[in-house]
Amino acid sequence: MPLPGHLLPAVVLLLAGSLGWAWVPNRCRAPREAVCNFVCDCRGCPDEAQCGYHGAPPTCGTPFTCDFEQDFCGWRDISTSGYRWLRDRAGAAPWGPEPRSDHTLGTDLGWYAAVGTHRGKEAATAALRSPVLHEASPACELGLWYHVASGDVAELRLELTHGAETLTLWRSSGPWGPGWQELRVTTGRVRGDFRVTFSATRNATHRGAVALDDVAFWRCGLPTPQARCPLGHHHCRNKACVEPHQLCDGEDNCGDRSDEDTPTCSHHVATDFETGLGLWNHSEGWARNHSTGRPQLPSWPHRDHSWNSAQGSFLVSTAETSDPAVLSSPEFQASAPHNCSLVFYHYLHGSEAGCLQVFLQTRSSAGSQTAVLLRGRHGELGAAWVRDRVDIQSRHPFRILLTAQTGPGGVVGLDDLILSDHCKAALGEAGPPPGPWPQPSSLQPRNFCEPGYLFCEDLCVPPQQLCDFQQQCLGGEDELECGSTDFEAPSAGGWKDASVGRLQWVRVQAGQSPGADAGGSAAGHFLSLQRAWGQLAEEARALTPPLGPSGLRCELHLAYYFQSQPQGFLELVVVEGSRRELVWQAPGHSPAGWKVDTILLGARQRPFRLEFVGLVDLDGPGLQGAGVDHLTLKDCSPTVVTEKDSEVSCNFERDTCGWHTDHLTDAHWRWVESHGPRFDHTTGQGYFMLLDPTEPPAHGPSAQLLTQPQAPTAPQECFSFWFHLHGPQIGTLRLALRREGEAETHLWARSGTHGNRWHEAWATLHHGQDTGAKYQLLFEGLRDGYDGTMALDDLAVRPGPCWAPKRCSFEDSACGFSTGGQGLWTRQANATGQTAWGPHVDHTTETAQGHYMAVDMSPQALPRGHVASLTSEVHRPLAQPACLTFWYHLSLRNPGTLRVQVEEAERRQVLSISTHGGPAWRLGSVDVQAERAWRVVFEAVAAGVERSYIALDDLLLQDGPCPRPASCDFEAGLCAWTHSPRPGLGGYSWDWSSGATPSRYRQPPVDHTLGTEKGHFALFETGVLGPGGRAAWLRSQPLPATEASCFRFWYHMGFPERFYKGELRVLLSSARGQLAVWGAGGHRRHQWLEGRVEVASAEEFQIVFEATLGGQPALGPIALDDVEYLAGQRCQLPTPSQGALAVATSVPAVVGGTLLLLAVLVLLGLMGRRWWQMRAGCSSGGETQAPGFDNILFNADGVTLPASVTNEQ
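This section reports on the structure supplied with the text. Since the structure is predicted, the reported quantities are computational estimates derived from the model, not experimental observations. Residue numbers restart at each chain and count upward from 1, following the sequence in its written direction. Selection of residues for local features in this predicted model requires a pLDDT of at least 70, selection of side-chain atom pairs for listing and counting requires 80 or more, and totals for whole chains, interfaces and linings are taken over all residues. Excluded from the side-chain calculation are hydrogens and water; included are all heavy atoms of the structure.

1. Description of the sheet that holds strand β60 (residues 1032–1035)
A sheet is described by the order of its strands in space; here 4 strands give the open sequence β60-β65-β62-β63, paired in antiparallel fashion. Every other strand in the sheet has two partners, leaving β60 and β63 (1073–1081) as the edge strands with one partner each. Ignoring which end each strand starts from, the neighbouring axes of this sheet average 25 degrees apart. Two strands make a pair as long as DSSP finds a minimum of two bridges between them. Counting from the N terminus, the helices are the DSSP runs of H or I reaching at least four residues and the strands are the DSSP runs of E reaching at least two. In terms of strand pairing, β60 meets strand β65 (residues 1102–1109) through 4 bridges, oriented antiparallel. Within the sheet, the bridge partner assigned to W1033 lies in β65 and is E1106. Between N-to-C directions, angles span 0 to 180 degrees; the directions come from axes that are lines fitted to C-alpha atoms, helices contributing only their stretch in contact.

2. Re the pairing of strand β57 (residues 949–959)
Counting buried positions along β57 yields 10 of 11 residues, so the element is predominantly enclosed. Taken together, the 2 bridges between strand β48 (residues 807–808) and β57 define a ladder with antiparallel strand orientation. Within β57, the residue paired with R807 across the bridge is L956. Across 4 bridges, the pairing between strand β50 (residues 852–856) and β57 is antiparallel. Pairing of M853 across the sheet is with L952, part of β57. Note that strand β52 (residues 882–890) and β57 share 8 bridges and pair antiparallel. Bridge pairing links A882 to D959 in β57. Whether a residue is buried, partly exposed or exposed follows from its accessible area with a 1.4 Å probe, protein chains only, as a fraction of its type maximum: under 20%, in between, or over 50%, in that order.

3. Considering the environment of A831
Within the element layout of this structure, A831 appears in the loop between β49 (825–828) and β50. Here A831 falls in the partly exposed class, since its relative accessible area comes to 48%. For the pair A831 and A848, spaced 17 residues apart in sequence, the C-alpha to C-alpha distance is 4.7 Å. The contact criterion used is simple: two residues touch if any of their non-hydrogen atoms lie within 4.5 Å. Beyond its immediate stretch of four places on either side in the chain, A831 contacts A848 and Q849.

4. Thoughts on the nonpolar core
W85, Y146, L156, L158, F198, V210 and F217 are the most contacted members of the largest nonpolar core, which has 43 residues in total. A per-element tally of this core places strand β11 (residues 190–202) first, with 5 residues. Setting aside residues up to four positions removed in sequence, L156 forms contacts with Y146, V148, W170, R171, S172, W176, F198, S199, A200 and V210. In plain words, nonpolar cores are sets of buried Ala, Val, Leu, Ile, Met, Phe, Trp, Tyr and Cys residues tied together by side-chain atoms within 4.5 Å. Membership of the second largest hydrophobic core comes to 39 residues, among which are A1032, L1039, F1047 and L1064.

5. A look at the packing of aromatic side chains
Each Phe, Tyr or Trp ring, with Trp reduced to its six-membered ring, pairs with another whose centre is within 6.5 Å; inter-plane angles below 30 degrees give stacked pairs, above 60 give edge-to-face pairs, and intermediate values give tilted ones. One pass over the structure, following the stated rule, counts 44 aromatic pairs. With a centroid separation of 5.0 Å and 80 degrees between ring planes, the pair formed by F1049 and F1105 is classed as edge-to-face. Separated by 56 residues along the polypeptide, F1049 in strand β61 (residues 1042–1053) and F1105 in strand β65 bring together distant segments of the chain. The class for F1049 is buried, based on a relative accessible area of 0%.

What follows is the structure in structure tokens.
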């Protein structure tokens, strides 16, 4: 039935409303005080945009953050010199001090804020300031990650400006650790407007490289007005709701102080130490102080709690390390049956040895004094004032004693002691409390040993030997409180709670949930999550004492229970300095009751600590909670050796044999099963070791896989293995040998993609005559690339030397080449720029840091006619002809002759090069046939010319005959085409694969050469390219000048429908620059097409395939096959019967027709516009026409093109 016309507008509005408010324009206008106040007052949160964080409303438990991926989030540089903050991208300066990856993504695609490396003669400060923020809650916490190049920065500072006062939230002069460091500070309650400033001060003689990322504001918003509050909550005057325990606690939780102005609060007695000690006038070892002026210690509080100001006063312990400070209340009347509650704020920072304890000292009717420990806090709680509370029901008069012990460099402070109305002073009480006063448990006598030492038998065990998994005392006292425990003893195995929020870890007796401890005893004890009185972070933390060093097989056995719905977690974290590594997490959905698990901790340096982190909603539905029990650290001594540790040969099918992952960083090798695009070498369906630089997310520079110390079986051993390096931007895989007391020996290295297949490699282990010295083998995967994977499989060691390697880049070693005792050939690099002779860059990396072999050919080093030999190790016999390629560099001044000889039964010369040199590396190739073991010998024959040299790099032995220059069918590899990444283009590489090989990247199903899935091709996945004009190059060897030569190839572009983003271009690169001579967009899909172009150059040049994007990233491969360079031959015109070729070469006609049609439309448009202007009577105003040029073939660089060049679009 047709809809009446008068009802149509109403129905449209109704439908729009039913589809959600996103269809309705958001016209919310929040008042000024509601902007940037950490509360989303408008739909979509536009009132919180550009506030130093993203405006999207966070989910429950997540902070407002800025990761700098899109913009500065409102942060603004306010520096007054050239030393300024910029928004920068990771990896932009690959050899500079800036981070190689950001913190958010952990890759070079991420962004961060960074200080520019401005050079100056004076010290300077770069300051980055937030927008104006409004109102911070008492629990507000600011977190960020920073990166510092050591030695370049004098000071880092984080400040909060509020009104006329600027508070220092954090300040550090280093030293700073490597990589990204986390900082979390509390702001305290801030009323009104404020700003946050992060500044870096550099020395006059340094650049001062600093980066900042992932700024986060946690729990900073005040509660919002509510019509009704949950049962038991307090309704503030501003209609906000706060929990009952937040009343009269000395903090403005409502936002208008109405929770501190209730009639109940008027009966409380608060001591803020601004004018004195108040009721707490019996003190020993405590003193009033403030934060103004230079802090006495780096750990000194920067502000008090009462006023959140450096001018405010607080109490700080001044007692010596070995003596307690004691603060006593007056004597109070018996409080039973009511609670006398004490709320207090404490500060423990700077030392793990610091502690604060609260005692109840009662006086019985007989006059005797007894002290009971009510609360104890130990260790490091951070630079924050933490709330706590004790409730006392006493049938006798009592006092409250607060005792403190300060560790070396630590500070213990108190502020805002608030007594409830049931704490009533006893009548007639005067004078100090009678002794003896209780001492903290950590101050019990240690006999004659120094503080911190453990006395056992006749020994004084130093702190560094406590909990080192090696027993020093006969009774094992030095290893008792080191994490292993069943929690039956009150010491809880050394685990200490370090929580500062609403939850804490407490040793409890089994009760209603889970009903028994892990051993099944209803009377047993375990460590459980319980309610607490803190006001800061939600999660609870419990830590061991400092442990280690540990061995490779160290593991933790535990029992746990965990019930939390819908949110919550239970985790084990390893804390090493400022680095935190998550090593275990309880499953989110598991059956009720106790469960057991084993966690591999591995080899770690001392000191490290274990930390349980837990979060549950104890007020949620059902029986929610978490606990741990029966903790056992097993095989943690570094001296523990098992039979499996000697298994160096391994195919990883059963386990990892004697190979272990190191834990120096958060990047790790993983033992995985073949699945999808990941396949092993042994069977194609088995297990292998895998390293993905981004899975799971990591920030460490490398991942290590190593053995235990091994005893050599012979003076020389051959270690062979299969490796897989695949991906458009994968990093470096290295093999090294370690001996105790010696520098690490690099044996082998490969960088960048080596195609989607397994390769065999080997290295000779030289032990010398003394075979008693043990060694370790170490594989290290460097995270200097982030897109791809590296893998290892089928490792084997046998006595005797290896054959000569098939590939050598000289990056990590001389590959066994010998100089015949002359020492004239040397392995060198030009990193310092001071090398007297040799190329400025190598061929492998094309940087000054890269290595090559070179010989000085000047008469002083090598007289005219003399020969310098470079001889390889023995190569294995060849089953078929092979091609040996190498890159050589000759000095501009004639160095002489480079001769290549193959030594089988006798030497035979296979190549002689005596041309003059130039600025580029050139390719040399020889065909080799050898039925017996053979060597290759490079001989440099001197011409007696000053300042001359010969250099070699990148030797490669491949099966099959050598191809023609710049020609390749890609069946055996990339031939002489170079795919090394270029940092200026993003560091991406072309890859090599086949349709039959499983891959994580899209690729053509068949090649062009064979037309089957087993054929191979060159490949690049453009989807990995980020915005910013990045590209990947595939370059030919240098080619001689030519008047006209034909270059033809087959290409395949597989982009989704309507995504014409990928581009393939052919460039000519010479000393004069680059010129595009051919190009194709991504609209030619899913078939092999031929491209051909005539090239001409008046000087030596290279042909370059460039894969890039024409717009936003889009998934899609670009593949190449059957590349052929016909020197001196012109291209033949195609015939219509050539099928796909006709399609490819008909594009210029299509483009021409399209351009003609477009020109006609433009002409019609101009005529129509002129007609309209004349009809309207408007004048053109005397417009002038500017000169222009045709940008299609712009050859101002002087590179000439033949008339027949076609640019296929």
